[in-house]
Amino acid sequence: MLYLLRHGQTDFNLKDWVQGSGHDTSLNATCQKQAQLFYQAYASEGFDSFYCSLLQRSRQTLEPFSLDPRYQNVPLHARVGLNEFQWGDFEGRRFDEFDGVYKELVQNWRNGVLDAAPPRGESPNQVAIRMKPVVDEFHAAPYQKILACLHGRALRLLLCLLTGRPYSDMDDFDKANLCLYELEKECDTFLIIHASRTDQLLGHLSG
């Protein structure tokens, strides 16, 4: 089984600022608590390995597992292939500053123009190239339970790569902070068993 988790909330998320790979932001206080709740819900899952990006918000989301004696010898693999898209000139700015340009870019991706990129940023085709070695690692470990934490747009593209869907379908996948996708390997592809789960947090947060 492969579990894909989006990192927890940062202050950039809260303020609707673009982070991308250029801003190595950390989790805010709210999400440090939420990451603990996620850990409590999945601590008994028996993961064989963990993956994160090179950005600290991804690693911090998984940190509660590292404090559990059951996971002391379970490796954490940091991979540049799991880094968020580089958003170039959009990074560090509010989305509403370039809303029209962003929507046009996403529509181009929807239309299959996958070499389109933000100014000085990355296109889906470029990100897919650095993601493919990680996909190969996931395929090589079909009998393990892997928990990988990454980023919103990167998560959407990775789901396309794993399930064989075209990259133009990226926006069909939800990407809320701390949403979880559970996938199972079948032959040469992965099937999504549970999509965009947040129910593991709702009961804790409301109580």
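Our structure is the block above this text.
Residues numbered from 1 in each chain as written. Predicted model: local features only at pLDDT ≥ 70, side-chain atom pairs only at ≥ 80, totals over all residues. Heavy atoms only, no water.

Caption draft 1: Highlighting the environment of Ala29. As for its placement among the helices and strands, Ala29 is situated in helix H2 (residues 29-42). On the basis of relative accessibility, which here comes to 53%, the residue Ala29 falls in the exposed class. Taking C-alpha positions, Ala29 is 35 Å from Arg110, a pair spaced 81 residues apart along the chain. (Helix = DSSP H or I, 4+ residues; strand = E, 2+ residues; numbered from the N terminus. Buried < 20%, exposed > 50% of the residue type's maximum accessible area, 1.4 Å probe, protein only.)

Caption draft 2: Seen up close, the pattern of salt bridges. Counted by the stated rule, this structure contains 12 salt bridges. Put simply, Asp68 and Arg70 hold a salt bridge, and the shortest N to O gap is 2.7 Å. Glu182 is the partner of Arg197 in a salt bridge, and the nearest nitrogen-oxygen pair spans 2.9 Å. In this pair, Arg197 is assigned in strand S6 (residues 189-197) and Glu182 in strand S5 (residues 180-186), connecting sequence segments 15 residues apart. According to the relative accessible area criterion, Arg197 is partly exposed, its value standing at 21%. By relative accessible area, Glu182 is classed as buried at 7%. The network of salt bridges with shared partners includes Arg110, Arg165, Asp169 and Asp172. (Salt bridge = Lys/Arg side-chain N within 4 Å of Asp/Glu carboxyl O.)

Caption draft 3: View of the nonpolar core. Judged by nonpolar contacts, the single largest core of 40 residues is most densely connected at Leu4, Trp109, Phe138, Leu157, Leu158 and Leu162. Elements with a minimum of two residues in this core: strand S1 (2-6), helix H4 (99-110), helix H5 (124-139), strand S4 (146-150), helix H6 (152-163) and S5. It is H6 that contributes the most residues to this core, 8 residues altogether. One finds Leu27, Ala43, Phe47 and Leu178 within the second-largest nonpolar core, a separate group that totals 20 residues. (Core = buried A, V, L, I, M, F, W, Y, C linked by side-chain atoms within 4.5 Å.)

Caption draft 4: View of the packing of aromatic side chains. Scanning the entire structure with this criterion turns up 18 aromatic pairs. Both rings, one in Phe50 and one in Tyr71, keep their centres 5.4 Å apart while their planes meet at 70 degrees; by these two values the pair is edge-to-face. In this pair, Phe50 is assigned in strand S2 (residues 49-52) and Tyr71 in the loop between helix H3 (56-66) and strand S3 (76-78), connecting sequence segments 21 residues apart. By the burial criterion, Phe50 is buried, and Tyr71 matches it. On the numbers, 5.8 Å between centres and 50 degrees between planes, the contact of Trp87 with Tyr102 is tilted. Taken together, the positions of Trp87 in the loop between S3 and H4 and Tyr102 in helix H4 put the pair 15 residues apart, joining distant regions of the chain. Residue Trp87 is classed as buried on the basis of its relative accessible area, which comes to 6%. The buried category is assigned to Tyr102, whose relative accessible area is 17%. One aromatic cluster in this structure is built from Tyr3, Phe38, Tyr39, Tyr42, Phe47, Phe50, Phe65 and Tyr71. (Phe/Tyr/Trp six-rings, centres within 6.5 Å; stacked < 30°, edge-to-face > 60°.)

Caption draft 5: Expanded view of the packing of H5 against H6. For the pair H5 and H6, the least separation of the axes is 10 Å and the interaxial angle reads 60 degrees. Taken as axis vectors, H5 and H6 run oblique relative to one another. The interaxial crossing formed by H5 with H6 has right-handed handedness. On H6, the residues touching Pro124, Val127, Ala128, Met131, Lys132, Val135 and Phe138 of H5 are Ala154, Leu157, Leu158, Leu161 and Leu162. Its residues assigned to classes, the contact of H5 with H6 shows 11 nonpolar, no polar and 1 charged. (Axes fitted to C-alpha atoms, helices over the stretch in contact; angles between N-to-C directions. Parallel < 35°, antiparallel > 145°, perpendicular 65-115°, else oblique. Left-handed = near helix turned anticlockwise from the far one by under 90°. Contact = heavy atoms within 4.5 Å. Nonpolar A, V, L, I, M, F, W, Y, C, P; charged D, E, K, R; others polar.)

Caption draft 6: Representation of the pairing of S5. As judged from the 4 bridges shared by S1 and S5, these two strands associate in the antiparallel manner. Paired with Leu5 across the two strands is Leu180, which belongs to S5. Here 6 bridges tie S5 to S6, and the two strands are oriented antiparallel to one another. By the bridge assignment, Glu186 is partnered in S6 with Thr189. Between S5 and the antiparallel strand that follows it, S6, lie 2 residues; Cys187 among them carries a positive phi value of about 60 degrees. (Pairing = 2+ DSSP bridges.)

That is the geometry; function is a separate question.
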